[in-house]
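Residue-level listing of the chains:
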Amino acid sequence: MSNTKETINISRRSFVEKSATAAAALTIAPGVILNQVHAKPADEAVTSAKRWGILIDTDKCGKGCNDCVTACHEENGIASHGRPLTDQVWIRKVKLRDKLTQNVVSLPMMCQHCENPPCVDVCPTGASFKREDGIVLVDRHICIGCRYCMMACPYKARSFAHEVVDNQRDYQPRGKGTVESCTMCVHRVDEDGTPACVEACSKAEHGAMIFGDMKDPESNISKALVKHGGTQIRADLGLNTGVRYRGI
Amino acid sequence: MKHLMQKALITIAGTVAIALSSFAVADDKEKASFGPHVPHPTNGSTECVQPEDEMKKNHMKYILHQRDATMHEGIRTKTYSLKECINCHVPENSEVRYGDDKHFCSSCHNYAGVSIDCFQCHTDRPMGKNPHNKSNAQATTPVKAEVADITVGASNE
């Protein structure tokens, strides 16, 4: 693993140099829009030039609509064993009711892809980690299933695979004895795709979820965040989440 | 003198053993060929990503390196990915699972007594047009959305 760490550090350093040049270029020619819509070449490592995020508009989120949950679990091959207490849940719908005003808010809750993830802090093996582009993942090759991260997560976003898993997707290996959570559909994102939940939401014509690069000022998510702002759930923890909400 | 005697005895015993084993091979030549029977790729390719000898010895080095690169850096080149090993070496629509002698990986691992846990998480068959694909998995019930009912503003009570 020490080798991997080294290569990551090297690429980070070279990235800093590159981004400094890029910033200089931007100030020289203001008004020039640099659109980086092309997919990342398969042999290129992800960099912190991007920070993937999702903005969820709770006003648009359909009350009683489960499409994001179904799509996520279908995409990642998560099947129920008929035991709700121990079934894996990567994304769930939460209904908030204000006792005073009786206002009801419905929202999907999943891994918030924090910039300072508590799950990574507590992991004793380094299995829980954050990619350069802000996606928080579990490396199941290293995970020993201690579940400290599940305890540390303020969003209850992670689940433990209690039972033997079969019928895995070839892009989403999953197995008994390890912790798992939303990967922001990293297999799709690396190929310039959109997470399954976001896709399902727009297919259901709710359009409550916007996915994109929060560091790119021209992306839809950045524009929406500039215009309307976005709330972080438990912002007091200072985690700087990648999933933001509107209307709460 | 004692040593010489011992050496001679060992040599004789060795010769006898070799002679016997060669008889045994000659007897049922069809059944027993030394080494595992490794099935060839069924997609028509004749060359692996590295020469066969290199792959026999070092396939895990390539896969392990690719594993960390993909997991941590999002590098998704196909050449040394386990997914591509499976896509090439395990026929589509096959019902053969890891553990079965006919499975490409098991054919040698079973022979050599190697235990691996790759396929506790990774799929052991190509997802392509296999029955083991998405539409099949759909038959299992996906986890239903649990709606947690949370009341906020308890202080107003």
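Quick caveat: nothing in here was measured; it's all calculated off a predicted structure.

## Some points on the overall build of chain A
Of the regular secondary structure elements, chain A holds seven helices and nine strands. In chain A, which comprises 248 residues, the share counted as buried stands at 37%. Across chain A, the fraction of contacts at a sequence separation of at least 24, relative to all contacts at a separation of at least 6, is 63%.

## Here's the deal with the pairing of strand β2 (residues 91-98) of chain A
Relative to strand β3 (residues 104-110) of chain A, β2(A) runs antiparallel, the two sharing seven bridges. The residue bridging A:Lys95 from the neighbouring strand is A:Ser106, located in β3(A).

## A few points about the nonpolar core
Formed by 48 residues in total, the largest nonpolar core has its most connected members in A:Ile54, A:Ile56, A:Cys68, A:Cys72, A:Ile91, A:Cys197 and A:Met209. Secondary structure elements with two or more residues in this core: β1 (52-57), α2 (67-75), β3, β5 (136-138), α5 (186-189), α6 (196-203), β8 (209-213) and β9 (243-246) of chain A. Beyond its immediate sequence surroundings of up to four residues, A:Cys72 is in contact with A:Trp90, A:Ile91, A:Ala196 and A:Cys197. In terms of nonpolar packing, the next biggest core, distinct from the first, is built from nine residues, B:Leu82, B:Ile86, B:Phe104 and B:Phe119 among them.

## Examining unusual backbone geometry
Excluding glycine, residues mostly have negative phi values, and the peptide bonds linking residues are mostly trans. All names here are of chain A. Of note, Lys156 is a non-glycine position whose phi angle comes to about 55°, a positive value. Note on placement: Lys156 falls in the loop between α4 (148-152) and β6 (159-160). For Lys156, a count of 14 C-beta atoms within 10 Å gives the class partly exposed. The phi torsion at Asp192 lies on the positive side, around 70°, for a residue other than glycine. Among the secondary structure elements, Asp192 is positioned in the loop between α5 and α6. You can call Asp192 exposed: it has 10 C-beta atoms within 10 Å.

## A few points about the confidence of the model for chain A
All names here are of chain A. Mean pLDDT over chain A stands at 87; residues scoring 70 or higher make up 85%. In the model of chain A, helix α1 (residues 2-28) stands out as the element of lowest mean pLDDT, 46, in contrast to β5, which has the highest, 98. This model gives residues 1-10 a pLDDT under 50, and the stretch forms five contacts once residues within four places in sequence are excluded. Throughout residues 13-36 the model reports pLDDT below 50, and contacts reaching past four residues in sequence, or to other chains, amount to seven contacts.

## Some thoughts on the confidence of the model for chain B
Any residue range with low pLDDT should be treated as having predicted coordinates unsuitable for detailed reading. All names here are of chain B. The pLDDT averaged across chain B works out to 75; a share of 61% of its residues lies at or above 70. Between residues 19-31, whose pLDDT stays under 50, and residues either more than four places distant or in other chains, the model counts one contact. Note that pLDDT drops below 50 for residues 135-140; the model gives that stretch seven contacts with residues more than four away or on any other chain. Interface confidence for the predicted complex, expressed as ipTM, amounts to 0.79; the pTM equals 0.77.

Conventions used here
- Residues numbered from 1 in each chain as written.
- Chains lettered and ligands numbered in written order.
- Predicted model: local features only at pLDDT ≥ 70, side-chain atom pairs only at ≥ 80, totals over all residues.
- Helix = DSSP H or I, 4+ residues; strand = E, 2+ residues; numbered from the N terminus.
- Buried ≥ 20, exposed ≤ 12 C-beta atoms within 10 Å, placed from the backbone.
- Contact = placed C-beta atoms within 7 Å.
- Pairing = 2+ DSSP bridges.
- Core = buried A, V, L, I, M, F, W, Y, C linked by C-beta atoms within 7 Å.
- pLDDT = per-residue confidence, 0-100.

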